[in-house]
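Chain by chain, the residues run as shown.
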Amino acid sequence: MTTPIKIAVHGAAGRMGRRVVALASEDTSLKIVAAIDHQSNPHLGEDAGVVAGFAPIGVELLSQWPEEVDVVIDFSLPEAIDRCIEECVEATTPLVVATTGLSDEQKAKLDAASKLIPVVCAPSMSLAVNLTMKLAEQVAETLDDVIGGLDVEIIERHHRFKTDAPSGTALKFGELIGKKLGPNTRHVHGREGHTGERTRSEIGYHAVRVGDNPGEHSIVFGMIGEKIELNVAASNRDCYASGAICAAKWLVGRPKGMYNMFDVLGLDS
Ligand SMILES: NC(=O)C1=CN([C@@H]2O[C@H](COP(=O)(O)OP(=O)(O)OC[C@H]3O[C@@H](n4cnc5c(N)ncnc54)[C@H](OP(=O)(O)O)[C@@H]3O)[C@@H](O)[C@H]2O)C=CC1
Ligand SMILES: O=C(O)C1=N[C@H](C(=O)O)C[C@H](O)C1
């Protein structure tokens, strides 16, 4: 039997962290050795499995970083990411970053870290979302010069507790589509008032916040006379948690560098 991969979950008491703890604790190729959260989290000191709504796993939820881990999975908040990067660089631990809403400075810090450690960073760990991104690239490339012009609008729906908008995934869809449409693409967030006619060169973003929606994205490619709409929706959070676990397993033993879910899923060839 091979030795289990030792993982630490950062943001372990959050909505996503709990699902990562729950799924990883059922995976015999993994051993959760640390569950890290904010120093004032009310669950600190409790068993992370119990916090996740599961059986005890013998790992306390702590705010301290552990000594020895093979890989860290991070689903936290932008305000928590700097320390996470610093701890991983210091210990040369591979890092999977799923947190969205990072500042440009934080993205640069993560890039710098990837010169020293292997990093997977992706706004969505979901297989279906990443496949849909590939489809969206294909549609944009094909319709770029369509007669009458192409209008791209991205609508995302998430739970009312989400703190960043638009979603990291919506922004990634826009970035990938924008690359296919050319350098004049403008990214427009919402519409209000006397906006004038829509220009051809814009991608519109619309962020809907409702109830407990775990994440839904619609990419509309509108033309004169017809439209294509790509829809991808999560039924629950396990698509993201299992994607992150898959990324963590893939990352262990890789050379330092910046990777994404296309690399993990083999979608870039
Ligand atoms: N890439 C992907 O596939 C996905 C990405 N996400 C992203 O993951 C992130 C987390 O989402 P979600 O789980 O819903 O959010 P939650 O707010 O439920 O979870 C975040 C957790 O991080 C904790 N935290 C806050 N500050 C710190 C800190 N300084 N150190 C350690 N932990 C800290 C929070 O603790 P406390 O409550 O005490 O502040 C909380 O437990 C978001 O950015 C979201 O957009 C979400 C789903 C999928
Ligand atoms: O906060 C969430 O819930 C999600 N956030 C990610 C994002 O911002 O794209 C991914 C997923 O859609 C769920």
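Calculation criteria
Counting from 1, residues in each chain are numbered in the order their sequence is written. Chains and ligands are labelled sequentially in the order written, the chains with letters from A and the ligands with numbers from 1. Given that the model is predicted, a residue must reach a pLDDT of at least 70 before its local features are reported, and side-chain atom pairs must reach 80 or more before they are shown or counted; all residues, however, enter totals for whole chains, interfaces and linings. Neither water nor hydrogens contribute to the side-chain values; these are computed over all heavy atoms in the structure. Domain limits in this description derive from either an automatic procedure or a database domain assignment. Two residues form a contact once any of their heavy atoms are found within 4.5 Å. Two parts placed together each lose some accessible area; with a 1.4 Å probe, that loss summed over both constitutes the buried area. Salt bridge, as applied in this entry: a Lys or Arg side-chain nitrogen positioned within 4 Å of an Asp or Glu carboxyl oxygen. Any pair of N or O atoms that falls within 3.5 Å is considered a polar contact. Within protein, one atom must be able to donate a hydrogen and the other to accept it, and sequence-neighbouring residues count only if both atoms are side-chain atoms. Runs of E in the DSSP output that reach at least two residues are strands. Runs of H or I that reach at least four are helices, and both are numbered from the N terminus. Polarity classes work like this: nonpolar for Ala, Val, Leu, Ile, Met, Phe, Trp, Tyr, Cys and Pro, charged for Asp, Glu, Lys and Arg, and polar for all others, with Gly in that last group. Pairing between strands is defined by DSSP: at least two bridges between the two strands are required.

1. Side note on the domain arrangement of the protein
- Considered domain by domain, the protein is made up of domain 1 (5-125 + 237-265) and domain 2 (127-233).
- Relative to domain 2, the C-alpha centre of domain 1 lies at a distance of 28 Å.
- Taken together, the contacts link 12 residues of domain 1 with 16 residues of domain 2.
- Summed over both sides, the interface of domain 1 with domain 2 buries roughly 1200 Å², with 58% coming from carbon and sulfur.
- There are 0 salt bridges connecting domain 1 and domain 2.
- Our count for the domain 1 to domain 2 interface comes out at 4 residue pairs in polar contact (both at pLDDT 80 or more).
- Ranked by residues supplied to the side of domain 1 that touches domain 2, first place goes to helix H8 (residues 261-265) with 3 residues.
- When grouped by side-chain class, the residues that make up the side of domain 1 that touches domain 2 number 7 nonpolar, 3 polar and 2 charged.

2. Regarding the sheet that holds strand S3 (residues 61-62)
- Taken in spatial order, the 7 strands make up an open sheet running S3-S2-S1-S4-S5-S6-S12, and their pairing is parallel. Two strands bound the open sheet, and with one partner strand each, they are S3 and strand S12 (257-259).
- When strand S1 (residues 5-10) meets strand S4 (residues 71-74), the two strands line up parallel, connected through 4 bridges. Directly across from Val-9, in S4, lies its bridge partner Ile-73.

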